[in-house]
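Summary of structural features
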Amino acid sequence: MRVPDPQTALSHRFTMSRRSLLRTSAVVGAGAAMATSPYGRAALASMAAQKSSGIAIFSSAVDIPNIDPAVGHDGSIAMAQKHLYDTLYRHQGNPPELVPWLAKDHSVNDDATEWTFNLDERATFADGSPVTAEAVVYSLQRVLEINRGIAWMFADIVDADGITAPDEHTVKFVLNKPYAPFLHATAWLFILNPAIVDENEKDGDRGQEWLTNNAAGSGPFTISRWEPGNLYQFDANPDYWRGWESDYLEGFVYQVSEESSTKRLALQQGDIQLAEWLSPQDRQLLSQVEGVVVPQEPSITTYTIKLNSKVGPTSDVHVRRALSYAFDYEAMLQVMSGFATRIAGPLPLSITGAVQEPAYETNLDKAREELAKSEEWADGFDIEFVYVAGLDEERQTGQILLDQLRELNINVKITPMEWANAVALFEDPETSPAMFPIYSGSDFPDPDNYLWQSFHSSSAGTWTGADHYVNPDIDKLLEDGRSNPNEDERIAIYDEAQTILIDEAVELYLFASIEGMVHRDSVQGYQYCPVMGSDVSFYTISLSE
Amino acid sequence: MGLGRYLLRRIVLLVPTLLGLSILTFVISHIVPADPAKLAAGPRATSEMVESIRKDYGLDQPLIRQYFTYISDLFRGDFGTSIMTQRSVSSDLAARFPATAELVLYAMVLAIVVGVPLGILSAVYQNRWPDQVIRILAISSVSLPQFWIGILLQLTFASSLGWLPLSKRLPTLEVPPDKITGMYVTDSLLNGDVHLFLMSLKHLALPTIVLAMLPMAIIMRTLRGDMLNVMNQDFVRVARAKGLSEVKVILGHAARNAFIPSLTMIGLSFGWTLGGTVLVEVIFDWPGIGNYAVEAAGRLDFAPIMGVTMLIGVVFVVLNLVVDILYGVIDPRISY
């Protein structure tokens, strides 16, 4: 849903009002202006409580349905999990780096099949009991047994008996086959307290029902309030085993707020301290508001248009290249109000080994030349662009195509569709849309994570593999890249793969979004990390006076 | 037929009505081509993972068996489990329905309290300036998009004037009243907490106004039309001829007789409003069932979709029954 134009004008006016300025300068949303109205007086007590308690309020559009580390897996769930649980390694910073967390260090054999981790002896769960190697074994075996959520990261590469605990603080993984990005995968293995889980097991469910909205972790925060669909409150664990570096939050509240304009207004008047899922237009408006910080961090979320490479005009490489030349990339960046960076290929620019220079620039003459090479489609054709109903930038992507392709005698039909129905269409190349725009996030910043899910033939038919692209050369390269532990050789392998994927114009490679949590300037210590669920860490955040 | 027998007959008739509704919703939500197990498993899931989810939720069973399992669970008060959240739909509905019910209840009270007098006024001043002003108000209420009005009210009363809160049922850090009905205004009153009572009323104000606009317009226009019909009838002329005051003629005679069709509209509006809270809930971060249903529909999560539909269906038919009973209260000529 988008904000109507009149609001923009009004908000500018309101932004400049004395009341708003007062409110903007107040700490944690409590403003002298609010005390001048009956609501202001009533609210002031509550706002003052926020200030003294140091609780940050964070609004997001997405609910947190299930935080069981073996079941739930998406951005909002991951955010919660990463505050409640620890992992052996974790991603930090931008570009993201892996840093040891529960593990002090690790060693790996030459063919990347045996990984040994030494645990930090200081680590304790929230109840004070030690985090042991047995707990790591327990946690991964539970993931494999339940076989949901993150299980796909481990199921093919390690068996339940492949993970052992040689001693209390050493854990060893013996993989079925070499897997170079394994260290990244360990940043998703949340370690549970076996005693707590077993205590809450019901009818042999391995604690699933209980862990849906309770935690048994060693993370810096614990749950204090859980109102599904509304808000979730997390309290800092003052005894967190890694300690706290500076003034730290007493806690934070994750509240569900779907509408972008509501979050913008709440940030403006200081009702909340952080927000995500704001429209590019609202981010731009907020960048002009005093007291609000709009970070502009390059993300690793790409936006591309999937092209059906099996059926219809887009099965012809010349048509795909013609589309790549015809697309107006500049117009696309304008649609994103500047919160996007052009990408050259399937990888975001910050990923090691990503191709940096675009091979296709908008050039209708070259597009015509390419189209003329097509035996079947040179005279033009009708083509369907399907997008997820309600996503305005996707609709506008379709309009850019409609406008540009008209010059090539290609008629674009723009069709909005519910996500669930679109996913069903992807299963079969006969029903898969000719063009479908898609955002692809990443569980870890490794080329394997992007390229396998989209271009390996085993992914065809999933929504990330909606291209239905099958190329044995690409399969071979991706398999080599995944199993080769040598970093330089991997870069060369993925460079070759990208060259093919760009030359064959498998997708229209458009942009990586510019992100970062919009926040009040009272928020100190904010660090962005573009890995899913890591874009805000309240562990490093405090609120200034 | 006495009222008791009439009630009994109507309650018995509820069963086939709700069964029909359940079949219709079940079929519609299951004929779409999407695969909820695949959606829940995510794009990287192996086929074994998808199959195991399908089995866990009985999606591998024939449709007819899935329906009978659903219905037999429903008779035990079990609305099933959400495939996405793995939470019980019954507990989700119990948490969310009171929020929507509170919103709709106050919106309807507001719609009636404002709509009825304005409808009468509009008829009494037919084609004069009060009628014209009320007409403009009604047309605006029907035609202006809810989200636009909602955002405009937020900008004016929350952002600019600071009189009312922007969104939510209570300030984020405020602990809700002990649950009795789940409706914060009522519960805070029953708990004797004046602060929370005032807080929840203030949070209710803006979404209630937005939600009330459509039923208010319907009530105004329906009542105006019916009043005009009634006011030309002989019994009104007789009342005036008897020398009754104009207020007594209009309120005591005309309005009472004109109210029956409006009552039907109020009953129906109640149901429509209950089913149409989504936009208001989204704009005002109101954690109700409208939002819940839309999220579930987007993920093709059958159990919540069915749960919300059945719940709204039950409320709708019960409201119709209440309206039918009220006919007899308003018009003594109607008996059962």
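What comes next concerns the included structure. (Residues numbered from 1 in each chain as written. Chains lettered and ligands numbered in written order. Predicted model: local features only at pLDDT ≥ 70, side-chain atom pairs only at ≥ 80, totals over all residues. Heavy atoms only, no water.)

1. So, the overall build of chain B
Scanning chain B from terminus to terminus reveals 14 helices and zero strands. Reading chain B from its N terminus to its C terminus gives the helix and strand order α-α-α-α-α-α-α-α-α-α-α-α-α-α. Over its C-alpha atoms, taken along the principal directions, chain B stretches across nearly 85 × 55 × 40 Å. When the 336 residues of chain B are sorted by exposure, 52% land in the buried category. Of all intrachain contacts in chain B linking residues separated by at least 6 positions in sequence, the fraction that spans at least 24 positions is 73%. With the model as given, the accessible surface of chain B reaches about 15,000 Å², and the carbon-plus-sulfur share is 69%. Separation between the mean location of the 26 positive side-chain charges and that of the 23 negative ones in chain B comes to 10 Å. (Helix = DSSP H or I, 4+ residues; strand = E, 2+ residues; numbered from the N terminus. Buried < 20%, exposed > 50% of the residue type's maximum accessible area, 1.4 Å probe, protein only. Contact = heavy atoms within 4.5 Å. Areas by Shrake-Rupley, 256 points an atom, 1.4 Å probe, with all protein chains shown as cover. Lys, Arg positive; Asp, Glu negative; His and termini not counted. Charge placed at Lys NZ, Arg CZ, Asp CG, Glu CD.)

2. Points about helix α14 (residues 364-372) of chain A
Note on helix geometry: an α-helix contains 3.6 residues per turn, so any two residues three or four positions apart are oriented the same way. Residue and element names in this part refer to chain A. Considered for burial, the residues of α14 that qualify are Ala367, Glu370 and Leu371. Taken down its axis, α14 places every buried residue within 100° of arc, on the same side. Along α14, the residues that are exposed and aim more than 90 degrees away from the buried face are Asp365, Glu369 and Ala372. The inward-facing, buried residues of α14 abut α12 (317-326), β15 (381-388) and β16 (410-417). (Arc of directions from axis to C-beta.)

3. Observations regarding the interface of chain A and chain B
Contacts between the two partners involve 64 residues from chain A and, on the opposite side, 56 residues from chain B. A combined buried area of about 5,100 Å² lies between chain A and chain B, and 59% of that area is made up of carbon and sulfur atoms. A salt bridge links A:Glu427 to B:Lys38; its shortest N-O distance comes to 3.8 Å. In this assembly, chain A and chain B are joined by ten residue pairs in polar contact (both at pLDDT 80 or more). The greatest single-element share of the side of chain A that touches chain B, amounting to seven residues, is contributed by helix α3 (residues 38-53) of chain A. (Buried area = accessible area lost by both parts, 1.4 Å probe. Salt bridge = Lys/Arg side-chain N within 4 Å of Asp/Glu carboxyl O. Polar contact = N/O pair within 3.5 Å; in protein donor to acceptor, adjacent residues only side chain to side chain.)

4. Description of the packing of helix α13 (residues 289-299) of chain B against helix α14 (residues 302-330) of chain B
Residues and elements named next belong to chain B. Where α13 contacts α14, the axes come no closer than 8 Å and their chain directions differ by 145°. The crossing of α13 and α14 is left-handed. Residues Ile289, Tyr292, Ala293, Ala296 and Ala297 of α13 touch α14, and the partners they reach there are Pro304, Ile305, Val308 and Ile312. (Axes fitted to C-alpha atoms, helices over the stretch in contact; angles between N-to-C directions. Left-handed = near helix turned anticlockwise from the far one by under 90°.)

5. Topic: the sheet that holds strand β1 (residues 55-60) of chain A
All names here are of chain A. Within the open sheet, the seven strands sit side by side as β8-β9-β10-β1-β11-β19-β12. Their pairing is mixed. Each edge of the sheet is formed by a strand with only one pairing partner; in this case those strands are β8 (221-227) and β12 (292-293). Relative to strand β9 (residues 231-236), β8 runs antiparallel, the two sharing six bridges. Paired with glutamate 227 across the strands is leucine 231, a residue of β9. (Pairing = 2+ DSSP bridges.)

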